[in-house]
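Tertiary structure, described
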Amino acid sequence: MYQQLIDHLKNKRIVLLGMGREGHSTYNFIRRYLPEQKLIIADAKQVELDNDPNVEFVCGDGYLGVIDRADIVIKTPGIPLLHFKRPQGVEITCQTDLFLRFSGFTCVGVTGTKGKTTTSTLIYSMLRAAGKEACLIGNMGYPVFDNIEDCAGEIAVIEMSSHQLEFTSRSPHIAVLTNIYPEHLDHYDSFEFYVGAKLNIVRNQSKGDTFIYNSDQGLDGFFDLSKYPGEAVGVSVHTPGAEKYRDINSHLLGEHNIQNCMFAAEAARRLGVSDEDIMKALKNYEGIEHRMEYFATVKGIKFVNDCIATIPHSVMCAVEALGDVDTLIFGGMDRGLDYSAFEKALEKSSIRNLVCLPDTGHKIGMHMAQNGSEKKIIISEDMEGAVRAAMGVTRPGCTCLLSPAASSYNKYKNFEEKGRHFKNIVRRYAEMGGEKA
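Residues numbered from 1 in each chain as written. Predicted model: local features only at pLDDT ≥ 70, side-chain atom pairs only at ≥ 80, totals over all residues. Heavy atoms only, no water.

**A few points about the pairing of strand β7 (residues 134-138)**
Quick note on the threshold: Here the term buried applies to any residue with accessible area under 20% of the maximum for its type, exposed to any over 50%, and partly exposed to those in between, with areas from a 1.4 Å probe on protein chains only. Where helices and strands are cited, they refer to DSSP runs of H or I of at least four residues and of E of at least two residues respectively, numbered from the N terminus. Note on pairing: DSSP must find at least two bridges between two strands before they are called paired.
The buried count for β7 comes to 4 of 5 residues, which makes it a mostly enclosed element. Here β7 pairs with strand β8 (residues 155-159) via 5 bridges, running parallel. Within the sheet, the bridge partner assigned to I137 lies in β8 and is I158.

Rendered as structure tokens:
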């Protein structure tokens, strides 16, 4: 199945750009099939590997200059190439692009600012409920090439980030675009460049392909549907068909999750899944860690970990879906987002207590206080202090929600580490009180 990919890489001057988790995955894949292939590994940081005489290292300042020497550059998604002009004759690609081009699978790609993981997982669950073999890969914490040889069946459901789509030259057979909001603006020259990367999921589709998009948000100014050669399907929570997905599962609360269910159902039907199997998969869905994840009740307070919510829109979706949020813990790395609308939404909400973490939480909380906010605003220096404060102010029977509205990189390795730290602290409080969490 992958012989075409191996043949494409063989005897080329290959640069592995970035040696994080995905870079190591690419290296291991190439070494498995091309053990003598000469490689250049380029990274801003120093890289160490076991003895490999066929590797040249280019590390530190100026490492991007090695691109000029390559036939193929396989890029790690996290490396931004702002203001970068691609040298003529150099192929810049990534694992996702190579999978789309050479794997031979029927591919279902899912992207969007939020809802990617839920929608991808639901599509996969629907396929499994119908007895179809499939694999779930992509932006799920595991590089595509780590799972490539274990993929069952002929269908691959791929969660795709903007970073993975940035240098793709092939689109999946079924493309799902859940939504687009300002995000990752530290990685792109502008919001328009971020949108442009996302739209690579549909840009190279052809007749016979399907594009499923959020018609409530629309594509005006982003993409001209009149020139799209395949079948375009708009999904809206305001259609009568949306009601059957409401309250179908306690892990799928809120309008945004109704929309995720509808995206998944549209994709699954085009792969031959019946409505009966679609509904069975939705009813059996067990949720995903860090996504509106209820995990404990302590002193009558329900604690929910929604650490995946790195933009304001996602936070307010969670608040709306839960309906009883008394305390919100939020804040993280400042990436230059405009939080003025978020401040107004918080002020209008029924949330009583705002526990503010560095850096954006401090900025937002202090600005709201200066403007005479009626909320109880608590400035906390760390997660330990935030949980302690929440324990003291949240009313029993109500929810304390961690939903950052920012990324976690100022204090944590990723959002998963932040969410697990939150859960561990809450569980420790439960143990101290002799409660089970």
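**Considerations on the sheet that holds strand β4 (residues 72-75)**
What counts here: Each axis is a line fitted through C-alpha atoms, taken for helices only over the stretch in contact, and angles between the N-to-C directions span 0 to 180 degrees. Contacts are residue-level and defined by heavy atoms, with any inter-residue pair within 4.5 Å sufficient.
Overall, parallel pairing links the 5 strands, which are arranged β3-β2-β1-β4-β5 in an open sheet. Unpaired on one side and paired on the other, β3 (55-59) and β5 (91-93) mark the two borders of the sheet. Between one strand axis and the next, the sheet turns through 20 degrees on average, direction left out of account. As paired elements, strand β1 (residues 14-17) and β4 share 4 bridges and run parallel to each other. Paired with V15 across the two strands is V73, which belongs to β4. Packed on one face of the sheet, helix α2 (residues 21-33) meets β1, β2 (39-43), β3 and β4 and runs near 150 degrees to β1. The strands touched by helix α3 (residues 95-102) within the sheet are β4 and β5, with β5 carrying the most contacts at an inclination of about 100 degrees.

**Some thoughts on the side chain of D209**
The cut-off we apply is this: Each polar contact in these results corresponds to two N or O atoms within 3.5 Å; when the atoms are within protein, one needs to be able to donate a hydrogen and the other to accept it, and residues that are neighboring in sequence are counted only if both atoms are side-chain atoms.
Looking at the element boundaries, D209 is found in the loop between α8 (200-203) and β10 (210-214). Separated by 2.8 Å, the side chain of D209 and the backbone nitrogen of S206 make a polar contact.

**Points about the sheet that holds β10**
Strand order across the open sheet formed by 6 strands is β7-β8-β6-β9-β10-β11, with parallel pairing between neighbours. Each having just a single partner strand, β7 and β11 (231-235) make up the two edges of the open sheet. Pairs of neighbouring strands in the sheet enclose a mean axial angle of 15 degrees, with direction left out of account.

**Some remarks on the pattern of salt bridges**
Heads up, the condition is: A pair is scored as a salt bridge if a Lys or Arg side-chain nitrogen falls within 4 Å of a carboxyl oxygen belonging to Asp or Glu.
Under the criterion given, the structure shown has 20 salt bridges. Here E255 ties to R246 by a salt bridge, and the two come within 2.7 Å at their closest N and O atoms. The partly exposed category is assigned to E255, whose relative accessible area is 27%. With a closest N to O distance of 3.7 Å, R269 and E266 form a salt bridge. In this pair, R269 and E266 are both assigned in helix α9 (residues 255-269), 3 residues apart and thus about one turn of the helix distant. Salt bridges linked by common partners bring E231, E266, R269, R270 and D275 together as one network.

**What to know about the packing of α9 against helix α10 (residues 275-284)**
Axis angle and axis distance: for two packed helices, these are the angle between their axes and the distance between the axes, and together they describe the pair. Filter applied, for reference: In this scheme the handedness of a crossing depends on how the near helix is turned from the far one: anticlockwise by less than a right angle means left-handed, clockwise means right-handed. Asp, Glu, Lys and Arg are counted as charged, while Ala, Val, Leu, Ile, Met, Phe, Trp, Tyr, Cys and Pro are counted as nonpolar; the rest, among them Gly, fall into the polar class.
It is the contact of α9 with α10, at a shortest axis distance of 10 Å, that shows an interaxial angle of 140 degrees. When the axes of α9 and α10 are compared, the crossing they make is right-handed. For the pair α9 and α10, the contacting residues are C261, A265, A268 and R269 in the first and D275, I278 and L282 in the second. Split by residue class, the contact of α9 with α10 holds 5 nonpolar, no polar and 2 charged.

**Here's the deal with the packing of helix α12 (residues 340-348) against helix α13 (residues 360-370)**
At a minimum axis distance of 11 Å, the contact between α12 and α13 shows a crossing angle of 65 degrees. With respect to the hand of their crossing, α12 and α13 are arranged in right-handed fashion. Every residue of α13 that contacts α12 at F342, E343, L346 and E347 is listed here: I364, H367 and M368. By residue class, the composition of the contact of α12 with α13 is 4 nonpolar, 1 polar and 2 charged.

**Brief notes about the pairing of β8**
Most of β8 is tucked away: 5 of the 5 residues are buried. Sheet analysis places strand β6 (residues 106-111) next to β8, joined by 5 bridges and oriented parallel. The residue bridging T106 from the neighbouring strand is I155, located in β8.

**Focus: α10**
Of the positions making up α10, those classed as buried are D277, I278, M279, A281 and L282. The secondary structure elements touched by the buried residues of α10 are α4 (116-129) and α9.

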